2 protein chains.
Amino acid sequence: MSLPGAAAAEQLPLATVPAVLDALRRGEADSAVVALENSVEGSVPTTLDELATGEPLQIVAEVHLPVSFALLVRPGTALADIKTVASHPIAQPQCRRWLAENVPDAEWRAATSNAEAAQHVADGHYDAALAGSFAAARYGLAVLAEDIHDVADAVTRFVQLRRPCAPPAATGMDRTSVVAFIGEDHPGALLEILTEFSVRGINLSLIQSRPTGAGLGSYLFWMDLEGHVDDARVGEALMGLRRICADVRFVGSYPRADRVRPEIRRGTHDNDFTEAAAWLSTIRTGHA
Amino acid sequence: MSLPGAAAAEQLPLATVPAVLDALRRGEADSAVVALENSVEGSVPTTLDELATGEPLQIVAEVHLPVSFALLVRPGTALADIKTVASHPIAQPQCRRWLAENVPDAEWRAATSNAEAAQHVADGHYDAALAGSFAAARYGLAVLAEDIHDVADAVTRFVQLRRPCAPPAATGMDRTSVVAFIGEDHPGALLEILTEFSVRGINLSLIQSRPTGAGLGSYLFWMDLEGHVDDARVGEALMGLRRICADVRFVGSYPRADRVRPEIRRGTHDNDFTEAAAWLSTIRTGHA
């Protein structure tokens, strides 16, 4: 993975997203990497919910990795022996066609992660796991079939997390993640939020509503947007959210893995905001 | 008129809006009062154009006066003698019904002001003038009929002007006038401008488009809005206009004559902006 500091760091594999995040929160790790979104299956609910409502952590980098699933079994297992296939719920739909054609009678079993699924296979609870082929060696398993995912160009977006900190410097090709909490469910809340971004020319790359767990009608929006919190247009939009939402959680500003530079609309560059603020000062004081 | 300083000031009557404004610009007057808008006939184009595109002046107060027209004639003139009636173009439609019933054969003649119309009658050029009855004494005329306006509750909004200065302090019941210039006529320009106000909960009480005189497709919007330039929501909206428009002219913030206190939408009070700015600072620096 091309993540800052990742090459030199000691790796600490853990079976589930909550376990990974808790190790970071407790200070047992300095940084954590989890999947946030997949190009086939969409956002990863556990990650979103943990980052939106658990003890705060902050995204400092992201990486896009091609999805590559293998079928892992105990050595000696043949396709005909497979009665159960385990995986994280996000993996199963990505291999649905292959599974239907090759092990049509196998039942699928949910695991909290593909790593956990592999462990269950090693322990003899299930016959096969969907996981990266690299996991075979770790769990003493064999790769029975490689590249069994149905969509060729699927990509999973992983994020690197730290405990709350100053964001990495803006690069001009940045993404910002925020969570907006709607307190009372009032009509037009989402429109109000989206307008705060659109009036300042800010595009959203992901928007996902989730219940907060605090009762019916209490929900949140996870939003990924183009730009950095230090960009004037993003800062003003986030202040707008802060004013109109019950709460806003800043989840991070970080360089985009795809290195796409956003098109900045007329009148929304940083220097447009600087010039406008100077002008406002002159009309308020009456001095040019 | 209940305008600041008006009672003690020396009065300097002038025949036309441009003459009044030029006297102020040249320093021959310290303050000027002109009609801006009428509840029956709408905005006064000469005033809007002068304030939008002439040498800058600033509105510092407004007053709403009931409209009351009288028919002024040279002493001895009877209704049957009247062949011509002169007035400012804004006065004639307000008396249309009375004129049709009482002097159906009289022709209407335009004057640059009702005062000028009265002068023309005194000079013998026209037979009658539509003007306030108070003008009779000044021009040596007689009031042949009073209260000849068709709409009973018509009101004209006058504004007091000064050379550019610091605005009077906010009262919580203020109005702000601005002119937005659209450079290239691009689709959606008006929508963009209106969105800058609506996203911050600011209502407009007047919006009027006018050609700038700089060629086809070059136009301006005169806008009166609820609030004072020192209000955070108004300041931010004006900075938004400044960013997206070819030019913006601030024409003034001043107490509303009707003393209506605007309803300030959730999240758009000054303290909401202050709190949001403090929050943004903490997430940008990583320090709570």
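Remember, it's a predicted structure, so these values are computed and weren't measured experimentally.

Caption draft 1: Representation of the interface of chain A and chain B in the model. Facing the 36 residues of chain A at the interface are 36 residues of chain B. Between chain A and chain B, the buried area comes to about 3,300 Å², and carbon and sulfur atoms account for 58% of it. If you sort the residues of chain A by the area they bury against chain B, Arg243(A), Trp279(A) and Arg284(A) come out on top, with a joint share of 23%. The interface formed by chain A and chain B holds ten salt bridges in total. With a shortest N-O distance of 3.8 Å, Glu236(B) and Arg243(A) are connected by a salt bridge. For the interface between chain A and chain B, the tally reads 14 residue pairs in polar contact (both at pLDDT 80 or more). Counting residues per element, the ones that place at least two in the side of chain A that touches chain B are helix 6 (189–198), helix 7 (232–244), strand 13 (247–255) and helix 8 (270–285) of chain A. Of the residues belonging to the side of chain A that touches chain B, the class tally is 17 nonpolar, seven polar and twelve charged.

Caption draft 2: The arrangement of the packing of helix 8 of chain A against helix 7 (residues 232–244) of chain B in detail. Here helix 8 of chain A crosses helix 7 of chain B at 125°, and the two axes come no closer than 9 Å. Taken together, the axes of helix 8 of chain A and helix 7 of chain B lie oblique to each other. In the packing of helix 8 of chain A onto helix 7 of chain B, the handedness of the crossing is right-handed. Residues Asp272(A), Phe273(A), Glu275(A), Ala276(A), Ala277(A), Trp279(A), Leu280(A), Ile283(A) and Arg284(A) of helix 8 of chain A form the contact with helix 7 of chain B, whose own contacting residues are Ala232(B), Gly235(B), Leu238(B), Met239(B), Arg242(B) and Arg243(B).

Caption draft 3: Looking closely at the environment of Thr47(A). Residue and element names in this part refer to chain A. Within the secondary structure, Thr 47 is located in helix 2 (residues 45–53). We classify Thr 47 as buried; its relative accessible area is 0%. Ignoring any residue separated from it by four or fewer positions in sequence, one finds Thr 47 in contact with Val 17, Val 34, Ala 35 and Leu 36.

Caption draft 4: The arrangement of the confidence of the model for chain A in detail. Mean pLDDT over chain A stands at 91; residues scoring 70 or higher make up 97%. Confidence, expressed as mean pLDDT per element, reaches its minimum in chain A at strand 2 (residues 42–43) of chain A with 80 and its maximum at strand 13 of chain A with 97.

Caption draft 5: Structural view of the relation of the copies chain A and chain B. Superposition of chain A onto chain B requires a rotation of 180° combined with a translation of 0.0 Å along the rotation axis, giving an RMSD of 0.0 Å. In the structure described here, the two chain copies are related by an operation that fits a two-fold rotation axis. Every residue of chain A has its C-alpha some distance from the rotation axis, and the shortest such distance is that of Val199(A), at 3.9 Å. Looking at chain A, 100% of its interface residues are interface residues in chain B too, so the copies touch through the same face.

Caption draft 6: Spatial organisation of the sheet that holds strand 3 (residues 58–66) of chain B. Residues and elements named next belong to chain B. Taken together, four strands build an open sheet; the order of strands is 2-1-9-3 and the sheet is antiparallel. If you trace the sheet from one side to the other, it starts and ends with strand 2 (42–43) and strand 3, each paired once. Pairing of strand 1 (residues 32–38) with strand 2, which is carried by two bridges, proceeds in the antiparallel orientation. Residue pairing in the sheet places Glu 37 in a bridge with Ser 43 of strand 2. Together, strand 1, strand 2, strand 3 and strand 9 (155–162) form the strand contacts of helix 2 (residues 45–53), whose direction differs from that of strand 1 by roughly 120°.

Rules behind the numbers
- Position numbers for residues count from 1 along each chain, tracking the sequence in the order it is written.
- Chains carry letters from A onward and ligands carry numbers from 1 onward, assigned in written order.
- Reporting of local features is limited, given that this is a predicted model, to residues whose pLDDT is at least 70; pairs of side-chain atoms are given and counted only at 80 or more, and all residues count toward the totals for whole chains, interfaces and linings.
- Derived side-chain values reflect all non-hydrogen atoms in the structure, with water molecules and hydrogen atoms excluded from consideration.
- Should any heavy atoms of two residues lie within 4.5 Å, those residues are considered in contact.
- Buried area: the sum, over both parts, of the accessible surface (1.4 Å probe) that disappears when the two are put together.
- Every case where a carboxyl oxygen of Asp or Glu lies within 4 Å of a side-chain nitrogen of Lys or Arg is listed as a salt bridge.
- Pairs of N or O atoms are called polar contacts if they sit within 3.5 Å, as long as, within protein, a hydrogen donor faces a hydrogen acceptor (for residues adjacent in sequence, only side-chain-to-side-chain pairs).
- Strands are runs of DSSP state E lasting at least two residues, helices are runs of H or I lasting at least four, and both sets are numbered from the N terminus onward.
- The residue classification treats Ala, Val, Leu, Ile, Met, Phe, Trp, Tyr, Cys and Pro as nonpolar and Asp, Glu, Lys and Arg as charged. All others, Gly included, are polar.
- Each axis is a line fitted through C-alpha atoms, taken for helices only over the stretch in contact, and angles between the N-to-C directions span 0 to 180 degrees.
- In what follows, roughly perpendicular refers to angles from 65 to 115 degrees, roughly parallel to angles under 35, roughly antiparallel to angles over 145, and oblique to any angle outside these ranges.
- In this scheme the handedness of a crossing depends on how the near helix is turned from the far one: anticlockwise by less than a right angle means left-handed, clockwise means right-handed.
- Partly exposed residues are those whose accessible area sits between 20% and 50% of the maximum for their type, while under 20% is buried and over 50% is exposed, using a 1.4 Å probe and protein chains only.
- Looking at any residue, its pLDDT shows the predictor's confidence there, from 0 to 100.
- Copy-to-copy superposition: least squares on the C-alpha atoms, limited to residues that have pLDDT of at least 70 in both copies.
- Note on pairing: two strands pair once DSSP finds at least 2 bridges between them.

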